[in-house]
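# Examination of the molecular architecture
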Amino acid sequence: MNDTQSGDFGNYGHLAYGLIRQSKPKIILEIGLGESGEGASHMIDAILKNEKDGYDCKYYCIEKYPTKRGADVLDKSEKKATLIIADSQNPAIYKNIFNGQADLVFIDANHDCQNIIKEGIHIITNNILHINGMMVFHDTWMFSVRHAIKKLSEEFSLNTFYLPSFKYNVCLATFQL
């Protein structure tokens, strides 16, 4: 993929690619790899493109049950990606992921409201998300995801911006500074 390539910009992967190319994050955390790893593939493409422009980035993905297809995507990342096979509901995982804070956190795992809230709380209270970072929630067409975002926004004073025209809908969330 290149920066001028057009296509189905309703795709979550295209949005992730653009966010990474524009923001040049140092650390990315994704919760949920999915069956195909398509979103991760776009993210890794953007990371490698940014690297050619002089920006270094590491990508970490927490997935309890990775598929071979999804894991293979990460294997092609030129050692920029780390797959953590674990339950994202385990708070100890977040304390041992990496040294530093994530600039971008993509949440697209279990779409149960309480699970999303727990993941958000772990990310925020363990300082996983950098104060200037952004969380990206996928599949906001689901009531459970929207409700979890609302609860997290209220509890942690998050700014939220919904992109409902994207396929499967997306929400961007940042801290109010």
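First, a word on scope: everything that follows refers to the structure included in this document. Owing to the predicted nature of the structure, the values given are computational and were not obtained by experimental measurement.

## Overview of helix H3 (residues 68-75)
Of all the positions in H3, only Gly70, Ala71, Val73 and Leu74 are classed as buried. What you see down the axis of H3 is that its buried residues fit within an arc of 150°, all on one side. Across H3 from its buried face, at more than 90 degrees, point the exposed residues Lys68, Arg69 and Asp75. Along its buried surface, H3 packs onto helix H2 (38-52), strand E2 (58-62) and strand E3 (81-84).

## What to know about the packing of aromatic side chains
Taken as a whole and assessed by the stated rule, the structure comprises one aromatic pair. Sitting over the face of the ring of Tyr55, Lys24 holds its NZ or CZ atom 5.3 Å from the ring centroid.

## Quick word on the sheet that holds E2
Reading across from one edge, E3-E2-E1-E4-E5-E7-E6 is the order of the seven strands in this open sheet, with mixed pairing throughout. Since the sheet does not close on itself, it has two edges, and those belong to E3 and strand E6 (158-163), each with one partner. Put simply, the sheet's adjacent strands are angled 15° from each other on average, direction ignored. Sheet analysis places strand E1 (residues 27-31) next to strand E4 (residues 102-107), joined by four bridges and oriented parallel. Residue pairing in the sheet places Leu29 in a bridge with Val105 of E4.

Conventions and cut-offs
- Residues numbered from 1 in each chain as written.
- Predicted model: local features only at pLDDT ≥ 70, side-chain atom pairs only at ≥ 80, totals over all residues.
- Heavy atoms only, no water.
- Buried < 20%, exposed > 50% of the residue type's maximum accessible area, 1.4 Å probe, protein only.
- Helix = DSSP H or I, 4+ residues; strand = E, 2+ residues; numbered from the N terminus.
- Arc of directions from axis to C-beta.
- Contact = heavy atoms within 4.5 Å.
- Phe/Tyr/Trp six-rings, centres within 6.5 Å; stacked < 30°, edge-to-face > 60°.
- Lys NZ or Arg CZ within 6 Å of the ring centre and 35° of its normal.
- Pairing = 2+ DSSP bridges.
- Axes fitted to C-alpha atoms, helices over the stretch in contact; angles between N-to-C directions.

By themselves, these observations are geometric and do not establish any function.
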